[in-house]
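Spelled out from the first residue to the last, the chains are:
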Amino acid sequence: MSVFRDAPQIYSVFAAVCAAAVLLLAFCLRGAGWLLWGTCLVPLFLLSRGFATVGVSPFYVMDVVAVVALLATLRMWGPRVLSERRLRWFRAIAVGLAVMTAQAVYRGVAAGYSEALKGVILGFYPLLAWFAATWILTRPVEEAVRLRWVLYMPTAGVFVELILGSPLPAAARGLYLAIAGAFSVQMRHLGKSRLLLWTLVGAAVMTAIASKRGPLLAVVAAMAATALASRSSRRRTVRWPVVSWSLATLGVIAVLGFSLSGESVSDMPVVGGLAARVSRSHDPNSEAGANVELRMEMWQEALRVVREDPLLGAGAGHPIDVIGHGEHLNAPRAGPHNSFIGYIYYLGWPAGIAMALLVVATLRRTWRARHHLVAASWFGATVGVAVTACTNVAFETTYIGLPSWLVLACAYALVGVPETRTAADESPPIATTSRRAPATSRSVAGIGRPQHTSPGVPARS
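Residues numbered from 1 in each chain as written. Predicted model: local features only at pLDDT ≥ 70, side-chain atom pairs only at ≥ 80, totals over all residues. Heavy atoms only, no water.

1. Side note on the overall build of the chain
- Looking only at helices and strands, one finds 20 helices and six strands in the chain.
- Residue burial in the chain is summarised as follows: out of 461 residues, 52% are buried.
- Restricting the contact set of the chain to residue pairs at least 6 apart, pairs at least 24 apart contribute 73%.
- Surface summary for the chain: the accessible area is close to 21,100 Å², and the carbon and sulfur share equals 65%. (Helix = DSSP H or I, 4+ residues; strand = E, 2+ residues; numbered from the N terminus. Buried < 20%, exposed > 50% of the residue type's maximum accessible area, 1.4 Å probe, protein only. Contact = heavy atoms within 4.5 Å. Areas by Shrake-Rupley, 256 points an atom, 1.4 Å probe, with all protein chains shown as cover.)

Written as structure tokens, this is what we have:
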């Protein structure tokens, strides 16, 4: 019996009190913007759903802190919000999603759907991400470097949830660790492995207590994508910056030794539950197999329903009632568990296609700038978000949606870091390097077109 049985309520109240205190102090401090964004993201990485759902649906303390952070920095990003060329297409899609969300929420409320108001997130978070990315484009790189310690919070959050004994939202934890893992590979390139080792420990603990396939896949995909993107194009041999050959060899020896001992695969430490789950994926009577079948049925049902109104969608909060094995396996509020299909389902095909194209464009921009380590990390983090979005509501719910949209917006913006400062400053996860250009202009990283900068704003690309 856990002594922390009432922990979710306790730390929810504690988080709300702390957030209120920070809000009162924020406007009196010079670094109010960074403080407020830290107040938004650090508790989210530590407490996940416990912090993200404090408040009255669909308005939560986390969202209030994010809005106040933007208001506190309005004088910095406000003048550039409609003129920033690097966010031109992101801005257009964000506004379009907001408009489509407004009509979807109105239709959902009119139809009496119980979760219709939560659909506000579909259009609200893209706008927050657009504003936040515009603000980040105005800030000196040195400010963000100081906050790289935030990347240690996802793993700390795994231990917090383990100690408190509260349910582990595996999809969210996997997303947070995937973001941290992408940048830990970059840090490993710079000769510092602490973040990488810490994040791998968090992934191992998450796997041991959750035994889910998707979250671990997101972490592995983010790290592998970063390693691939950051590989030197001049070398013919593949470099492995994620784990050393000695660690990989020890892992293989451990697995072989356990297999030869005759023990059941489900008894393997850390990965035993995951291995057993994967081995039963083909069995429709198991939880692993039922989840695969359930998702396929939900996706088919969502696409079938949206055919009735392909331009406007089914409306926010429209339930998906899938019956399998003689019982209702899907809660009506759960959505289709695929963000790409989710946007199509709720808002219509135009919105879903625009959202998917935005993800593809972000991957393309970061891949083209992959010769810089931070751009490679943004590429890996975006891959982790996209993998999560394929099997979960990565862009549609509170504790996953905000970090997903922030990653997408910041990666799309490709904030510039002077090339000579990359190795020395340990480029942070809110910036990416660019090619050296003449003093009169800068070229957009990975784009190649000149972009003139206005006086008084640090030249960036």
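Next, the rest of the story.
2. Remarks on the pattern of salt bridges
- Overall, the coordinates contain six salt bridges when judged by the stated rule.
- Here E84 and R80 are joined by a salt bridge, their closest N and O atoms 2.5 Å apart.
- Exposure remark for E84: the relative accessible area of 4% places this residue in the buried category.
- Taken together, the salt bridges that share partners define one network made up of R80, E84 and R86. (Salt bridge = Lys/Arg side-chain N within 4 Å of Asp/Glu carboxyl O.)

3. Focus on helix α10 (residues 170–189)
- Helix length check: α10 (20 residues) gives 28 Å between terminal C-alpha atoms against 28 Å at 1.5 Å per residue, within 8%.
- α10 sits mainly inside the fold: 18 of its 20 residues count as buried.
- Downstream of α10 by one or two residues, G191 has phi in the positive range, about 95 degrees. (Expected span 1.5 Å × (residues − 1).)

4. Some words on the side chain of R91
- By the secondary structure assignment, R91 is in helix α6 (residues 88–111).
- E84 provides the closest opposite charge to the buried, unpaired R91, separated from it by 7.2 Å.
- Residue contacts for R91: discarding those within four places in its chain leaves V81, L82, S83, E84 and W130. (Lys, Arg positive; Asp, Glu negative; His and termini not counted.)

5. Considerations on the packing of aromatic side chains
- Going through the model one piece at a time under the given rule, you end up with 13 aromatic pairs.
- Centroid distance W130 to F131: 4.8 Å. Interplanar angle 40 degrees. Geometry classified as tilted.
- Its relative accessible area of 6% is what places W130 among the buried residues.
- Cluster of aromatic residues (ring-pair linked, three or more members): F90, Y343, F395, W405 and Y412.
- If you follow R365 out to its NZ or CZ, it ends over the ring of Y412, 4.1 Å from the centre. (Phe/Tyr/Trp six-rings, centres within 6.5 Å; stacked < 30°, edge-to-face > 60°. Lys NZ or Arg CZ within 6 Å of the ring centre and 35° of its normal.)

6. Some words on the environment of A110
- The topology assignment puts A110 in helix α6.
- Sequence-wise, A110 and G315 are 205 residues apart; in three dimensions their C-alpha atoms are separated by 9.7 Å.

7. Focus on the nonpolar core
- Core analysis: the largest hydrophobic core is formed by 107 residues, its most contacted members being W37, F90, L347, F395 and W405.
- Residues contacting F395, with those up to four places away along its chain left out, are I121, S339, Y343, M355, V359, V385, A389, G401, S404, W405 and L408.
- Formed by six residues, the second largest nonpolar core is a distinct cluster that contains A221, A225, F379 and V383. (Core = buried A, V, L, I, M, F, W, Y, C linked by side-chain atoms within 4.5 Å.)

8. Structural notes on the confidence of the model for the chain
- Looking at the chain, pLDDT values average 76 and 68% of them are 70 or higher.
- Looking across the chain, the model is least confident in strand β6 (residues 450–451), with a mean pLDDT of 34, and most confident in helix α7 (residues 121–136), with 95.
- Under a pLDDT of 50 for its full length, residues 325–330 has, in the predicted model, 16 contacts with residues more than four places off or in other chains.
- Contacts from residues 416–461, a stretch scored under 50 in pLDDT, to residues over four places away or in other chains number 109 contacts. (pLDDT = per-residue confidence, 0-100.)

9. Focus: the environment of G96
- Following the sequence through the fold, G96 ends up in helix α6.
- Residue classification places G96 among the partly exposed positions, given a relative accessible area of 31%.
- Sequence-wise, G96 and G123 are 27 residues apart; in three dimensions their C-alpha atoms are separated by 8.3 Å.

10. Quick look at the packing of α7 against helix α19 (residues 398–413)
- Axis separation between α7 and α19 bottoms out at 8 Å; the angle between their running directions is 40 degrees. If you check the angle between α7 and α19, you find them oblique. Between α7 and α19 lies a crossing of right-handed hand. Along its contact with α7, which presents I121, Y125, P126, L128, A129, W130, A132, A133 and I136, the element α19 presents T398, G401, L402, W405, L406, A409, C410 and A413.
- Within the contact of α7 with α19, the residues separate by chemical class into 15 nonpolar, two polar and no charged. (Axes fitted to C-alpha atoms, helices over the stretch in contact; angles between N-to-C directions. Parallel < 35°, antiparallel > 145°, perpendicular 65-115°, else oblique. Left-handed = near helix turned anticlockwise from the far one by under 90°. Nonpolar A, V, L, I, M, F, W, Y, C, P; charged D, E, K, R; others polar.)

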